[in-house]
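For reference, the chains in residue letters:
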Amino acid sequence: MTRDLLYLLAASLFILGLRMMSHPRTAARGNLVGALGMAVAIGATLLSGGLDVGLLVLALVIGSALGVVAALKVKMTAMPEMVGLLNGFGGLASVLVAGGEGASGGVAGAATAAGGFIGSVTFFGSFVAFGKLAEFLAVKWKLKPWQAAVKFGFSGAAAAGAVAFAVGGELLAAVGGLAIAGLLLLRRETFPGMTAVKALVLALALVAAVTAARGGSGYWTLVAVAGVLGVLLTWSIGGADMPVVIALLNSYSGLAAAATGFVIGNTVLIIGGALVGASGIILTGIMCRAMNRSLWNVVLGASGGAAAGPKADEVYRTVKATSADEVAMLLEAARRVVIVPGYGMAVAQAQHAVRDLANLVEREFGAEVVYAIHPVAGRMPGHMNVLLAEADVPYGKLKELDEINSAMESTDVCIVVGANDVVNPLARTDPSSPIAGMPIVDADRARTCVVVKRSLGPGFAGIPNPLFAKERTLMLFKDAREAFVEIAAAVKAR
Amino acid sequence: MTDLVGLLTVFVLAMFVGFEVITKVPPTLHTPLMSGSNAISGITVIGALMLAGHVGEPWLARTLGFLAVVLAMVNVVGGFLVTHRMLRMFRRK
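Keep in mind the model is a prediction, meaning the values are calculated, not measured.

1. Concerning the interface of chain B and chain A
Accessible area lost upon the coming together of the parts is a frequently used measure of interface size. Tallying the contact residues gives 76 residues for chain B and 100 residues for chain A. Of the roughly 7700 Å² buried between chain B and chain A, counting both surfaces, carbon and sulfur atoms make up 79%. Linking chain B with chain A are one salt bridge, by the criterion used here. In this structure, Arg-62 of chain B and Asp-52 of chain A form a salt bridge, with 3.1 Å as the shortest nitrogen-oxygen distance. Going through the elements one at a time, α1 (2-23), α2 (30-41), α3 (45-53) and α4 (59-89) of chain B are the ones with two or more residues in the side of chain B that touches chain A. In terms of residue count, α4 of chain B provides more of the side of chain B that touches chain A than any other element does, 26 residues in total.

Put into structure tokens, the structure is as follows:
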């Protein structure tokens, strides 16, 4: 009774905490309220009696210590990997709990199957997302020692699991484990017939889920097959589609927890899981809309490719290169400056250099500098916002698409740094383009546009960008951080 | 059956609450929202605690439970802490 009331308190704290997330001013406190809710739930469980508390405290301490180390060590630029990895841990925990309960038949059986299915897709999908973000899966180049250790260690563990299942007589689970181990060793993102294989494995996983739900046996077979599905679904997804996948996996990790709640008939798991599930679904929807693509299109890996659209050579005939000095001169005359950051800014770790230049221009030239944040810029929802917050840029300066585009024509200088597809005007003009209809930052409508980019290489969509060749566009071919440092030096010299 | 209906009711209503609350989170906070809500999905730790701590369960189940507690706690503590680190950086002016 007391315990259940405390669970109710915990669930209320979760909701309250999430509500406080709706404003940057209260968000930090909201997060603490959520953490308090978790502490209440854990405390209530430990004190409810009948449990071997000593052992549990040991497990809690080990997990917490690992969590603290990970959270304090991670760099802000590596946040997408971190979130991917944490998602996976939650998913795997749900798989183990549902499996350990070993419920069979009826409601509990169905919930167990659901928990195993979703949890396993979450875990293996998250591992693949992590591996792709950390650039050690599906790549051809030579790996760093830690990357190789993680990649081959994980594959080895999957293979060892397969052997254990084979010994135990669970042949299907063994095949699944081997498939996972093998898939992870692939050095490319696609293979012939991948879509068909995905569909087949999806069907198999559904059959395994129904079997497990009915009979109670075959749980680990289900986990293995769902794991293959999780690997396949995330395997071919990269680059600009990553925010969708990270959001989707976030949603799954919540739904897996909720399913586990059904297994043990515990409402705080159901509520907490449902909240996270809802959050992930909303973010997934926002990301898909921001790319004008359906969820199926992203998940089934049908990205546009480079086939359609104009040839790069023709588009880029009139490209004009510029220098840091010339950009400084433009900035001196500007009254309104918009900076459009993309993933390239994160890669070059240029956020501090960008902030420095923005502050300098505001102070020396009295111009207004704001940032245009495209929802899918970067590798996860809100990625650019976090990087700029790290560089002490006030959040009031970060503007959404509508606001920025409506004032673009009165913008004197628009500086694009490390973004490509999200400023490509073909999205507006070419209905056959793979990015047709995607909302973009209208950088081409500014009075002058400066693009900081190392080369004319294409973005993730693989198409040329006519913005680079426009009459009022200047290209600054440099690493992002170097470029901003040089422009700042030129500004100071004026 | 009533039991299931009760749980389903809780689930569906919680989804609605989730949609209502989270729609109001601005894009600026989407990354902290993900890592923070991610930490909440570690609530599965409760199930893990019950499994690992239950003296009557077979040892295999308890081992799985123990492992699940560790993993879920990494998710919980890592998630809340990293979110806190991020949110401290957001400032007005």
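2. A few points about the domain arrangement of chain A
As far as domains go, chain A holds domain 1 (1-73), domain 2 (77-299) and domain 3 (312-492). If you average the C-alpha positions of domain 1 of chain A and of domain 3 of chain A, the two centres end up 41 Å apart.

3. Re the sheet that holds strand β2 (residues 368-372) of chain A
Residue and element names in this part refer to chain A. Read from one edge of the open sheet, six strands run β3-β2-β1-β4-β5-β6, paired in parallel fashion. Edge positions in the sheet fall to β3 (398-399) and β6 (473-477), since each of these pairs with one other strand and no more. Across five bridges, the pairing between strand β5 (residues 448-453) and β6 is parallel. For Val-451, the partnering residue across the bridge sits in β6 and is Met-475. In this fold helix α14 (residues 324-333) packs onto β1 (336-341), β4 (413-417), β5 and β6, with an angle of close to 135° to the strand it touches most, β6.

4. Describing the packing of helix α1 (residues 2-20) of chain A against helix α11 (residues 267-291) of chain A
Residue and element names in this part refer to chain A. As a packed pair, α1 and α11 sit with axes 9 Å apart at the nearest point and diverge in direction by 10°. Taken together, the axis directions place α1 and α11 in an arrangement best described as roughly parallel. Residues Tyr-7, Ala-10, Ala-11, Phe-14, Ile-15 and Leu-18 of α1 form the contact with α11, whose own contacting residues are Val-268, Ile-271, Gly-272 and Leu-275. Residues belonging to the contact of α1 with α11 are distributed by class as follows: nine nonpolar, one polar and no charged.

5. A short note on the pattern of salt bridges
Residue and element names in this part refer to chain A. Enumeration over the complete set of coordinates arrives at 14 salt bridges over all chains. In this structure, Arg-428 engages Asp-444 in a salt bridge whose closest nitrogen and oxygen atoms are separated by 2.5 Å. Of this pair, Arg-428 sits in helix α19 (residues 426-429) while Asp-444 sits in the loop between α19 and β5, placing them 16 residues apart in sequence. Judged by relative accessible area, Arg-428 falls into the partly exposed class, the value being 34%. Owing to a relative accessible area of 8%, Asp-444 belongs among the buried residues under this scheme. In the salt-bridge network here, residues are joined through shared partners; they are Arg-428, Asp-442, Asp-444 and Arg-445.

6. Description of unusual backbone geometry
All names here are of chain A. A positive phi angle is found at Asn-292, which is not glycine, with a value near 55°. Checked against the element boundaries, Asn-292 lands in the loop between α11 and α12 (295-299). Positive phi, close to 50°, is recorded for Gln-349, a residue that is not glycine. Take Gln-349: it is sitting in the loop between α15 (343-347) and α16 (351-365). The exposure class of Gln-349 is partly exposed, given its relative accessible area of 30%.

7. Side note on the nonpolar core
Formed by 171 residues in total, the largest nonpolar core has its most connected members in Leu-331 of chain A together with Val-45 and Ile-46 of chain B. Top element by residues in this core is α4 of chain B. It accounts for 16 residues. Excluding residues within four positions of it along the chain, Leu-331 of chain A makes contact with Val-337, Leu-357, Val-361, Phe-365, Val-413, Ile-415, Ile-487 and Val-491 of chain A. Counting 38 residues, the second largest nonpolar core, distinct from the first, contains Phe-124, Leu-183, Val-201 and Val-231 of chain A.

8. Points about the packing of aromatic side chains
In this description, a pair of aromatic rings is defined by centroid distance and the angle of the planes. Applying the stated criterion to the full structure yields twelve aromatic pairs over all chains. When the centroid spacing of 5.8 Å and the interplanar angle of 35° are considered together, the rings of Phe-123 of chain A and Phe-154 of chain A count as tilted. With a gap of 31 residues between them, Phe-123 of chain A in helix α5 (residues 106-133) and Phe-154 of chain A in helix α6 (residues 145-167) connect regions that are remote in the sequence. Looking at Phe-123 of chain A, the relative accessible area reads 14%, which means it is buried. Seen from their ring centres, Phe-262 of chain A and Phe-11 of chain B are 5.8 Å apart, and the 70° between their planes marks the pair as edge-to-face. Of this pair, Phe-262 of chain A sits in helix α10 (residues 242-264) while Phe-11 of chain B sits in helix α1, which puts the two residues in different chains. Residue class for Phe-11 of chain B comes out buried when judged on its relative accessible area of 18%. An aromatic cluster of at least three residues, connected via ring pairs, comprises Phe-123, Phe-124, Phe-127, Phe-130, Phe-136, Trp-146 and Phe-154 of chain A. Residue placement shows Arg-379 of chain A over the ring face of Tyr-343 of chain A; its charged tip is 3.6 Å from the ring centre.

9. Focus: the packing of α11 of chain A against α2 of chain B
As a packed pair, α11 of chain A and α2 of chain B sit with axes 9 Å apart at the nearest point and diverge in direction by 150°. In terms of axis orientation, α11 of chain A runs roughly antiparallel to α2 of chain B. Where α11 of chain A crosses over α2 of chain B, the handedness of that crossing is left-handed. Along its contact with α11 of chain A, which presents Gly-272, Val-276, Ser-279, Leu-283 and Ile-286 of chain A, the element α2 of chain B presents His-30, Leu-33, Met-34, Ser-37, Ile-40 and Ser-41 of chain B. When the residues that make up the contact of α11 of chain A with α2 of chain B are grouped by side-chain class, the tally is six nonpolar, five polar and no charged.

Quick notes on the rules
Residues numbered from 1 in each chain as written. Chains lettered and ligands numbered in written order. Predicted model: local features only at pLDDT ≥ 70, side-chain atom pairs only at ≥ 80, totals over all residues. Heavy atoms only, no water. Contact = heavy atoms within 4.5 Å. Buried area = accessible area lost by both parts, 1.4 Å probe. Salt bridge = Lys/Arg side-chain N within 4 Å of Asp/Glu carboxyl O. Helix = DSSP H or I, 4+ residues; strand = E, 2+ residues; numbered from the N terminus. Domains from an automatic or database assignment. Pairing = 2+ DSSP bridges. Axes fitted to C-alpha atoms, helices over the stretch in contact; angles between N-to-C directions. Parallel < 35°, antiparallel > 145°, perpendicular 65-115°, else oblique. Nonpolar A, V, L, I, M, F, W, Y, C, P; charged D, E, K, R; others polar. Buried < 20%, exposed > 50% of the residue type's maximum accessible area, 1.4 Å probe, protein only. Core = buried A, V, L, I, M, F, W, Y, C linked by side-chain atoms within 4.5 Å. Phe/Tyr/Trp six-rings, centres within 6.5 Å; stacked < 30°, edge-to-face > 60°. Lys NZ or Arg CZ within 6 Å of the ring centre and 35° of its normal. Left-handed = near helix turned anticlockwise from the far one by under 90°.

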